[in-house]
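As a plain string of letters, each chain reads:
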Amino acid sequence: AALKGINKVLQGDLETPGLLTHLVSDRELTRAKKAFILNTRATIQSIDGLAKFNQPMLLAQQLPLLPNDLIKQIEAVTSQDVYRIAHRVFGPAN
């Protein structure tokens, strides 16, 4: 269900009820964080995966981010953060 919601957002279907009017539930946010963290840990198990993980930062000439640092940042994300970013990216001005 969460992936279907993400696909709707990516396809520009902003008719989804509550997309810009409600905070993400704690349960949804926890599930999304766990999925992201598991995917990140699986990705960095190989040298190739670790290189792909750090490629965007290296291309931007930034120091690579350690996976554990990224995981800490993801764990710190709140429903309010998601709401604020959703409005910035998908709000009426965009």
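Quick caveat, the model's predicted, so the values are computed rather than measured.

J.: Looking at this structure, I do not really get helix 4 (residues 67–75). What am I missing?
T.: Since there are 3.6 residues in each turn of an α-helix, residues three or four apart along the chain are aligned in direction. Every buried residue belonging to helix 4 is among P67, L70, I71 and I74, and all of these are buried. Projection of helix 4 onto a plane perpendicular to its axis shows the buried side chains occupying an angular sector of 100°, all on one side. Along helix 4, exposed side chains directed more than 90 degrees from the buried face belong to N68 and K72. Check the buried side of helix 4 and you find it contacts helix 2 (26–43) and helix 3 (47–59).

J.: I tried to follow the nonpolar core on my own but got confused; where do I start?
T.: The tendency in soluble globular proteins is for nonpolar side chains to be buried side by side. Counting six residues, the largest nonpolar core is built from I37, F53, M57, L70, I71 and I74. Secondary-structure elements contributing two or more residues to this core are helix 3 and helix 4. Of all the elements, helix 4 adds the most residues to this core, at three residues. When near neighbours in sequence (up to four residues on either side) are disregarded, I71 contacts I37 and R41.

J.: For this particular structure, what's the right way to read the pattern of salt bridges?
T.: Between side chains of opposite charge, pairing is possible as soon as their charged atoms come close. Using the criterion set out here, one finds two salt bridges in the structure. Notably, a salt bridge pairs K52 with D48, separated by 3.4 Å at the nearest N-O pair. Placement of both K52 and D48 in helix 3 is noted, with a separation of four residues, approximately one turn of the helix.

J.: What is the right way to read the side chain of K33 from this model?
T.: Mapping K33 onto the fold places it in helix 2. Residues contacting K33, with those up to four places away along its chain left out, are I74, E75 and V77.

J.: Looking at this model, I keep getting lost on the confidence of the model for the protein. Mind explaining?
T.: Close reading of the predicted structure is inappropriate where its pLDDT is low. Confidence in the prediction for the protein averages 79 pLDDT; 78% of positions are at 70 or higher. At the level of individual helices and strands, the protein shows its lowest average pLDDT in helix 1 (residues 2–10), which scores 56, and its highest in helix 2, which scores 90.

Basis of the calculations
- Residues numbered from 1 in each chain as written.
- Predicted model: local features only at pLDDT ≥ 70, side-chain atom pairs only at ≥ 80, totals over all residues.
- Heavy atoms only, no water.
- Buried < 20%, exposed > 50% of the residue type's maximum accessible area, 1.4 Å probe, protein only.
- Helix = DSSP H or I, 4+ residues; strand = E, 2+ residues; numbered from the N terminus.
- Arc of directions from axis to C-beta.
- Contact = heavy atoms within 4.5 Å.
- Core = buried A, V, L, I, M, F, W, Y, C linked by side-chain atoms within 4.5 Å.
- Salt bridge = Lys/Arg side-chain N within 4 Å of Asp/Glu carboxyl O.
- pLDDT = per-residue confidence, 0-100.

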